[in-house]
Amino acid sequence: MLNNISMKKAFLFIILSFLIFPCLSYADDGWEEFSGVDRAWDGQKSVTNKEFEEAIDALEGNKKKKEEKQRKKLIKKIGGGGTSLHPDLSPDSNIQELNQLSKNEDGTLLNVPVNLVIDGNTLEKGFYNVIAQKDEQGDIYLLFYQAHFLKGKVKAQKTDDDYGEEYIDFVKLMPYDNNFVKIIFGSLDFNAYTFVRFVN
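Please read these numbers as outputs of a predicted model, since none were measured by experiment.

(A) Representation of a nonpolar patch on the surface within the structure. A cluster of nonpolar residues, Phe11, Leu12, Ile15, Leu16 and Leu19, forms a patch on the protein surface that exposes about 500 Å² of accessible area. Mapped onto the fold, Phe11 is located in helix H1 (residues 2-32). For Phe11, a relative accessible area of 55% corresponds to the exposed category.

Set out below in C-alpha cells:
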C-alpha cells in the first residue's frame, strides 16, 4: 500500500516536471529579448529645432491639402459636381466683387402714347424723363420732365412690388381701363405706382 502511494507520487512528479520545465525554459528565452533595452537608443540621431519645425510644417501642409480636398468634395456634393454651364459659377472660380449700386439722379425715360390729365392740365403724348421725389410728410410724387422743364407732377403710392422688372430703376405706363393708365416706378430707394386719367 505504501509502495502504491509512493508510485503515485513519483508518477505525479514526473508528469508535473514534464509540464513545468518546458514552461520555465520558454520563459527564460523571452527574457533574453529584453536584455538589450538599455542600449535601445544607441545610434539615434538628435533632431535640431529647425528640422523639427520643418517636419511640423510638412504635416500641417498635408492637413491643409486634405481640408481643401474635403471642401471641394462638399462643394461638388452640394453643387452637383462638374463645371457649370456658366463659367463664372465654377466651384474653382473666385466670386467677383459686385459694383456698388448708385442712385439714379437723372430719372428714367418714359414713352407716353396718350394724353394724360394731371391736375386738370393735359400732359401731351411724348417722351418724358420721370423722377420720383418724397416730400417732408413722406408723400411720393412722380415728376415728368421734358429737357429741363417740369411738365407735370402726380402723387403716387409706395409699394413693395417690383412688378417682375429686370432692373432696379424702371418706369412703365400700362393700360388699366378705358379711362385710366397705371404708371409703375422703381428706384433704389422705393417702388411706387399711380393711376392717371387719359384722353384720346
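Still more to cover.
(B) Region of the structure containing the nonpolar core. Residues Leu110, Leu116, Leu142, Phe144 and Ile183 are the most contacted members of the largest nonpolar core, which totals 23 residues. Listed by contribution, the elements that provide at least two residues to this core are strand S1 (108-112), strand S2 (115-118), strand S4 (126-134), strand S5 (140-146), strand S6 (149-159), strand S7 (170-175), strand S8 (180-186) and strand S9 (191-199). Contacts of Leu110, omitting those with residues within four sequence positions, involve Gly126, Phe127, Tyr128, Val130, Phe144, Val171, Lys172, Leu173 and Ile183.

(C) Just the pairing of S5, in detail. Note that S4 and S5 share 6 bridges and pair antiparallel. Bridge pairing links Lys134 to Ile140 in S5. Counted between consecutive antiparallel strands, the loop separating S4 from S5 contains 5 residues, among which Gly138 sits at a positive phi close to 95°. Examined bridge by bridge, S5 and S6 share 7 bridges and lie antiparallel to one another. Within S6, the position partnered with Phe144 by the bridge is Gly152. Once S5 ends, the chain turns through 2 residues before running back antiparallel as S6, passing Ala147 with a positive phi of about 60°.

(D) Expanded view of the packing of aromatic side chains. On inspection of all chains with the given rule, the structure shows 4 aromatic pairs. Seen from their ring centres, Tyr176 and Phe195 are 4.5 Å apart, and the 55° between their planes marks the pair as tilted. You can see Tyr176 sitting in the loop between S7 and S8 and its partner Phe195 sitting in strand S9, a full 19 residues away along the chain. Residue classification places Phe195 among the partly exposed positions, given a relative accessible area of 34%. On the numbers, 5.9 Å between centres and 75° between planes, the contact of Tyr193 with Phe195 is edge-to-face.

(E) Quick peek at the side chain of Thr108. Among the secondary structure elements, Thr108 is positioned in strand S1. Since its relative accessible area comes to 15%, Thr108 is described here as buried. Apart from the residues within four sequence positions on either side, Thr108 is in contact with Tyr128, Asn129, Val130, Asp169, Phe170 and Val171.

(F) Geometry of unusual backbone geometry. For Asp119, which is not glycine, the phi dihedral falls at a positive 50°. Looking at the element boundaries, Asp119 is found in the loop between S2 and strand S3 (121-123). If you check the backbone angles, Tyr163 has positive phi at about 60° while not being a glycine. Along the chain, Tyr163 turns up in the loop between S6 and S7.

(G) Quick peek at the pattern of salt bridges. Per the stated rule, a full pass over the model turns up 3 salt bridges. Taking the shortest distance from any N to any O, the salt bridge between Asp139 and Lys155 comes out at 3.8 Å. Placement of the pair is Asp139 in the loop between S4 and S5 and Lys155 in strand S6, with a sequence separation of 16 residues. Residue class for Lys155 comes out partly exposed when judged on its relative accessible area of 42%. Across the pair Lys172 and Glu165 runs a salt bridge, and its minimum N-O distance is 3.1 Å. The exposure class assigned to Lys172 is partly exposed, which follows from its relative accessible area of 37%.

Definitions and limits used
Residues numbered from 1 in each chain as written. Predicted model: local features only at pLDDT ≥ 70, side-chain atom pairs only at ≥ 80, totals over all residues. Heavy atoms only, no water. Patch = residues over 30% accessible without salt bridge, like charges linked within 9 Å, V, L, I, M, F, W, Y side chains within 5 Å. Areas by Shrake-Rupley, 256 points an atom, 1.4 Å probe, with all protein chains shown as cover. Salt bridge = Lys/Arg side-chain N within 4 Å of Asp/Glu carboxyl O. Helix = DSSP H or I, 4+ residues; strand = E, 2+ residues; numbered from the N terminus. Buried < 20%, exposed > 50% of the residue type's maximum accessible area, 1.4 Å probe, protein only. Core = buried A, V, L, I, M, F, W, Y, C linked by side-chain atoms within 4.5 Å. Contact = heavy atoms within 4.5 Å. Pairing = 2+ DSSP bridges. Phe/Tyr/Trp six-rings, centres within 6.5 Å; stacked < 30°, edge-to-face > 60°.

So yeah, pure geometry; function would need other evidence.
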